[in-house]
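Each chain, letter by letter, is given below.
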Amino acid sequence: MVNHQTVDDRDAILSIEDFAALRDNLHEQRLFRREQLQQLSAAATTRADALLDRQAASQIEVRVKLAASARMVLDDVEAALTRMDHNSYGTCHLCRGPIARERLMIVPQARYCARCQQVREAGR
């Protein structure tokens, strides 16, 4: 359930406490994103009749983009929780090496180690 591998001889071991804190963080993020999506959805439906107004239209566009972003983050968070449940959390999806503890503490839903993330971003 816990990835006990080290990276570059640094303290990269995920302790049981780290794992629990990361799981709690992911649950909090999931709750926040779900609430955010509900609020954005409610705001969009109450303004549906004001689409002709330019300001309302631009506000709706912003809400749509925010909702898309929130859905992406929510998907990442839920995927991380699934990886935790399947004992694959903390393993890079590309190189299959461990993801550094420091990275997971900052981005708990990370799918890639820092090196592979840089390679992915450079390829875009």
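As the structure is a prediction and not an experimental result, all values here were calculated from the model.

A. Main features of the overall build of the protein chain. Helix and strand counts for the protein chain come out as four helices and zero strands. Starting at the N terminus, the α and β elements of the protein chain follow one another as α-α-α-α. Per-residue burial over the protein chain gives 33% buried out of 124 residues. Counting only contacts in the protein chain whose residues sit at least 6 apart along the sequence, the fraction spanning at least 24 positions is 56%. Surface accessibility of the protein chain: about 8,100 Å² in total, with carbon and sulfur atoms responsible for 52%.

B. Layout of the UniProt feature "domain: Zinc finger DksA/TraR C4-type" (unreviewed entry) in the protein chain. Under the UniProt annotation, the feature "domain: Zinc finger DksA/TraR C4-type" (unreviewed entry) is placed at residues 88-121. For the annotated span residues 88-121, helix accounts for 41% and strand for 0% of the residues, and the straight-line distance between the end C-alpha atoms is 23 Å.

C. Main features of the packing of aromatic side chains. Evaluated as defined, the whole model comprises one aromatic pair. Judged by centre distance (6.0 Å) and plane angle (80 degrees), the rings of Phe19 and Tyr89 are edge-to-face. Within this pair, whereas Phe19 is found in helix α1 (residues 16-46), its partner Tyr89 is found in the loop between α2 (54-85) and α3 (101-106), the two being separated by 70 residues in sequence. Using a relative accessible area of 3% as the deciding quantity, one classes Phe19 as buried.

D. Summary view of the UniProt feature "zinc finger region: dksA C4-type" (unreviewed entry) in the protein chain. When the UniProt feature table is mapped to this numbering, "zinc finger region: dksA C4-type" (unreviewed entry) covers residues 92-116. Measuring from the first to the last C-alpha atom of residues 92-116 gives 8 Å, for a span that is 36% helix and 0% strand.

E. Expanded view of the environment of Leu81. Mapped onto the elements of the fold, Leu81 is located in helix α2. Residue Leu81 is classed as buried on the basis of its relative accessible area of 5%. Residues Leu81 and Leu26 lie 55 residues apart in sequence; the distance between their C-alpha atoms is 7.0 Å.

F. Geometry of the pattern of salt bridges. A complete count under the given rule lists five salt bridges for this structure. In this structure, Asp85 engages Arg23 in a salt bridge whose closest nitrogen and oxygen atoms are separated by 3.2 Å. In this pair, Asp85 sits in helix α2 while Arg23 sits in helix α1, placing the two residues 62 residues apart along the sequence. Between Glu78 and Arg34 there is a salt bridge whose closest N-O contact spans 2.8 Å. Linking Glu78 in helix α2 with Arg34 in helix α1, this pair joins segments that are 44 residues apart in sequence. Judged by relative accessible area, Arg34 falls into the partly exposed class, the value being 42%.

Parameters at a glance
Residues numbered from 1 in each chain as written. Predicted model: local features only at pLDDT ≥ 70, side-chain atom pairs only at ≥ 80, totals over all residues. Heavy atoms only, no water. Helix = DSSP H or I, 4+ residues; strand = E, 2+ residues; numbered from the N terminus. Buried < 20%, exposed > 50% of the residue type's maximum accessible area, 1.4 Å probe, protein only. Contact = heavy atoms within 4.5 Å. Areas by Shrake-Rupley, 256 points an atom, 1.4 Å probe, with all protein chains shown as cover. UniProt positions renumbered as here; feature names shortened; annotations may be inferred. Phe/Tyr/Trp six-rings, centres within 6.5 Å; stacked < 30°, edge-to-face > 60°. Salt bridge = Lys/Arg side-chain N within 4 Å of Asp/Glu carboxyl O.

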